Structure formats: C-alpha cells, structure tokens
Amino acid sequence: MDATLFTNGTLYLGAGAFERASLLVVGDRIVDVIPDGGELPTAAHLVDLAGGTLLPGFQDAHVHPLLAGLQSLGIDLKPVHDRGEYLRLIADYAAANPTAPVLTGGGWFGDVFEGGFPTAAELEGVDGRPIMLHSHDAHGMWVNAAALRAAGIDGATPDPEGGRLIRDGLGQPTGMLLESAVALVEHLMPAPGEALVEAALEAAQRELHSVGVTAWQDAAVGDSDLGPNPLPAYLRLAADGRLTARVVLAQWWDRARGVEQIVDFERVRAEAAAVGVDAGTVKVMIDGMVENHTASMLEPFEGHPGDVGIAFLSPEALVELTTALDAADFQVHFHAVGDAATRHALDAVEAAIRRNGRRGNRHHVAHLDLIDTSDIARFAELDVAANVTAVWARRDEEIVHRKLPLLGAERELTHFPFGDLHRAGARIVGGSDWPVTTPNPLWSIRTAVTRTGLVEDPHAIGDGVLTHPLLGEQALPLGVALDAYLSEAAWVNRLEGETGRLEAGRLADLVWVDADLSDLDAYGSASVRRTYVGGAVVYQAP
Ligand SMILES: [Zn+2]
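In short, a report on the structure. (Residues numbered from 1 in each chain as written. Predicted model: local features only at pLDDT ≥ 70, side-chain atom pairs only at ≥ 80, totals over all residues. Heavy atoms only, no water.)

## Focus on the coordination of the zinc ion
Coordination sphere of the zinc ion, protein contribution only: His62 (NE2), His64 (NE2) and Asp433 (OD), at 2.1 Å. Here the donor residues of the zinc ion are spaced in sequence according to H-x1-H-x368-D. With a gap of 371 residues between them, His62 in strand β7 (residues 58-63) and Asp433 in the loop between β20 (428-430) and α13 (441-450) connect regions that are remote in the sequence. Using a relative accessible area of 6% as the deciding quantity, one classes Asp433 as buried. (Donors = N, O, S within 2.8 Å, 3.2 Å for Na, K, Ca; no water. Helix = DSSP H or I, 4+ residues; strand = E, 2+ residues; numbered from the N terminus. Buried < 20%, exposed > 50% of the residue type's maximum accessible area, 1.4 Å probe, protein only.)

Quick look at the structure:
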C-alpha cells in the first residue's frame, strides 16, 4: 500500500490543540502522527503543507445538498447580494437558456429590496417566460407577471392555509409568495428528471468537498416540504461509487401520518445500508422561523399579544413519535427555532428515556434560535446534542430589523445561547443549513467565536455586523467551535470511532487549508488546497 507523508504544516489535534507535526497515511488510514523534531519515515508520496493546516475532514450535521445543487444548476443568486446583480444574473441565464419553458432558481436576500420583498415589477422586461425564484431562506418565492398569469393568480386569489400573497394597496398580488403560497406556482416547474437530480447532487458534493467537508447529515430525505426526494440519487451514486462523502440521511417525518410510517423508515434504512449509506435518522420539524411568526414560542412575540407562533406537532404527538423512533433505534433530528419548540423536543426525549431507558441514539436539535434559560442544562442531562447554525449568530440587517424586535429586550438575551450551552456541558455540533447559508465551515467557526460577520462574506450586511458582536458572552472557544464540525459532528453522524480526529488508526479523511488556523484573522480568506476521503483525493484546488 502507498504511504503519504504530510509535512511542514500545523496539525489540528482536537480540543483547541494546534501542533507543528507530520502525519503518515498508508492506504485509507492514518498510521502515525510525528511531532516536529521526531524522525520522519520514508514515504512514496510527500505532501508539503507549505505552512498551512491539516485537519480531519469537516462534517456538516445539517445540510440540504440537493436543494443547493439544483439552485446552482438554475438561476443561482447565492454568490451576490445586490439588486442589480440579481437582475443581471437572471437576464444572463435567460439568454443562455433560450428553450427552457420556465426560468427557475433562487438565493436572493430581501434586504436589498424596498420593504424587504422583491416584486414582479422588478422583473418587467427581463423575459416573457415565467420566472420563479426561491428566497435564500426557502420560506418564499419571487415571481414575475408571466408566472402569476400562468398560475391564474390575481386579486381574487385567496391566501392559502399556512401561506400568504403579498399585495399592493389595491389587493393585487405583487409577485411575492410566502410559505405554502409557493405551491400555487410550483406546478409550473417541470419536476427535475433523474439525471438532473443526480447531476445536482454531484455538483453539491463537489462544492462541499471544495470547502473541506467529507461527511454530512442530509436534513430532509423522503417526500418532504423541501423539494424533490434525494434518496434514489444517493442510493444510485453510492451503488456506482460516485458518492465520495460519508453521508447520513435524515428521513422526513410526514406530519400527516403517525407511527405507522416507522416501518417505511426501517425499510429505507435497510435498503441504504446495503449500499453503505446510513439512513438511521428521522427529521422532525417542530416549527418554522421567527421572522414570519412560525416559530413556536413560550410567550407571545413582542408587540403581538396572543401570537405565540405555530407548532407543527403537539407535545403529545412529539412524545409518542420520539418514544417510538427511539425504541426502533432511530436518531431523531429535530428542527426547533422557538423556545417552546426546543422545550418540547427535550420533553419528548425525556419521555422516551423514561419509557425506553438510555438507548444511546444521539438525538439532536437543530437551529436553537431561542432556549429558555431553564432548559439549557437539560441538553447535557439528556445527552441531546445542540446542532447550531453558527453563521446566523451575528448582527445581520435581517436579524436586527426583522427578528430582534419580535423578541424584545429580555428574550433577546436568550438568542443563540451557544456559550451558555457549552458552559452547561452540552455537546455542540455544527450544521450549515446550506443553501440557506454558506456551506464554508471556516466562516461558521469564525462566527461562533466572534459572533460577527466576515468581510469576505457578501451576505454579512448591516451596521456593525463586522465589528459589533451579537451577545459576545455567547461566543464559543475556538477549540469547541472547531470540534463542533469535527469530533462532535462525527459523534452525531455515528462516525466518531473512525473519523473526526487526526489519530493513528482512524480513516484518512483530511482537509489541507492554506493558512494557519490558530489565527482567527485567517479564517475569512483561508481556502482549502486539498480534501481527502479515506486517503483518496476528492478535491484539489485549481
Ligand atoms: Zn434545514
């Protein structure tokens, strides 16, 4: 077997420890870590790290690769944050795709438009075909007049249950559809064929490898509210060796059904295991988001008496499904944004432990925008991991103007309380929620430590977002923020014995970054030179 020696760089050894050292890989495993000054073995291949850092491959504990891939193959507005740039990218795509019946894509931010939402009028004269563009947070859609006409939407169209059409002073739809109202136009989009879905998933995999991600947990597999089902494509890619990442699939809990769907999850788990894919997780959406009042709150939103948001599942239903999934040895991956949603997730796990005992199924709660102070210590007690989307914890324009006012001064102090969770012994894991936000773990880690945005990030927009921390006392130590994407994410992905640390005997899932990552200032512009999975190069910087 071929040996590769990595020298002349810094190794990240976990728990905040950076060391000048060399690393020897034979085949797919790490076989030795040699401190500087130690005798170096001979190896067929030598990699000169050129003063950069070598880490275990990053693991993303909450991501939607297929959605991101489909977006990047359509009109991809993610790379920019400017109204004029959006219109230019849309026009360019239209010109390059003259035969497409409809034009689709997404990734725009509302804060560049007056009033927070774009309108059909903005798209007047761009193209005569229907144009439909998802917002970056996937909670709304911007459409043009042709799309409204084709879908038969006009002033007489009522708001659907769980959704809303933004209207002008005369009651006419302006071209902005929120939440379930998106379904009014979705049928205009041709369902992507098998080949397109596979291509999108492979494009997403390439992009994740390019930011050093070697393993991830897909946060919605199955027939979900979040686009086409990626399961068949994962299984095909795995079967023909095109899946180069280690993936865990979180199967979508259908809220219209009950525990009888668990037999279907078991079937998929077995089918996936046969091609080496772990589908032993179930995703349960408890609520939505704060900004549009769909988070589930213990107390009403500030200035909105009686409005405590929406819970998609009752506490009783959560207890029943969590207990049953735990008994069947599924990991439950909860989506909880409001403090009531978080509490009910913890209550459900507590009830499952009471019934089933501690089965070690590594349940985790993603996002955690708000946690009541009395619930913080329960994460460690119940061994529930806090799956944080750290890049959100900064003073973005959207957060300052649309979210904080709904919390009020007192509750604002319980906003993304990652520092409190850590001090109370909670296990912190990192997820990007890409394409909602950047998949770059280095940017998330930097924000977890500084609670500010990065000057390199086009979406870090707002007064003081770069300089003024969002609740600085909730910052995480650098080692904790790094391990959230390494050993702790490996634990949540059931890969901790094999990955997540640079240690003899573990799989050689590695990322070589071109900067010294013990220096926080390096994170914004640092880039990945090479990514390895099981000793094989899966990404090489151009
Ligand atoms: Zn998500």
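## Concerning the side chain of Asn387
On the secondary structure map, Asn387 appears in strand β19 (residues 385-388). There is a polar contact of 3.5 Å between the side chain of Asn387 and the backbone nitrogen of Gly431. If we ignore the near neighbours within four places in the chain, the residues touching Asn387 are Ala61, His62, His333, His364, Val365, Ala366, His367, Leu368, Val429, Gly430 and Gly431. (Polar contact = N/O pair within 3.5 Å; in protein donor to acceptor, adjacent residues only side chain to side chain. Contact = heavy atoms within 4.5 Å.)

## A look at unusual backbone geometry
Across the junction of Trp434 and Pro435, the peptide omega takes the value 10°, indicating a cis bond. Checked against the element boundaries, Pro435 lands in the loop between β20 and α13. Even without being glycine, Ala15 reaches a positive phi, approximately 55°. By the secondary structure assignment, Ala15 is in the loop between β2 (10-12) and β3 (18-26). Among the residues examined, Ala15 registers a relative accessible area of 66% and is labelled exposed. One non-glycine residue, His293, adopts positive backbone phi at about 65°.

## A closer look at the packing of aromatic side chains
All chains considered together, the criterion is met by 10 aromatic pairs. Consider the rings of Trp108 and Phe113, whose centres lie 6.2 Å apart with planes at 85°: the pair is edge-to-face. Given the relative accessible area of 5%, Phe113 is considered buried. An aromatic cluster is built from Tyr86, Trp108, Phe113 and Trp142, whose rings are joined through pairwise contacts. Residue placement shows Arg269 over the ring face of Phe330; its charged tip is 3.8 Å from the ring centre. The ring of Phe418 is capped by Arg451, whose NZ or CZ atom sits 5.3 Å from the centre of that ring. (Phe/Tyr/Trp six-rings, centres within 6.5 Å; stacked < 30°, edge-to-face > 60°. Lys NZ or Arg CZ within 6 Å of the ring centre and 35° of its normal.)

## Some points on helix α5 (residues 194-210)
Given a rise of 1.5 Å per residue, 17 residues ought to cover 24 Å, and the 24 Å separating the end C-alpha atoms of α5 matches this to within 8%. Turning to α5, its buried residues number three or more, namely Val197, Glu198, Ala200, Leu201, Ala203, Ala204, Gln205, Leu208 and His209. Downstream of α5 by a residue or two, Gly212 has a phi angle that is positive, lying close to 90°. (Expected span 1.5 Å × (residues − 1).)

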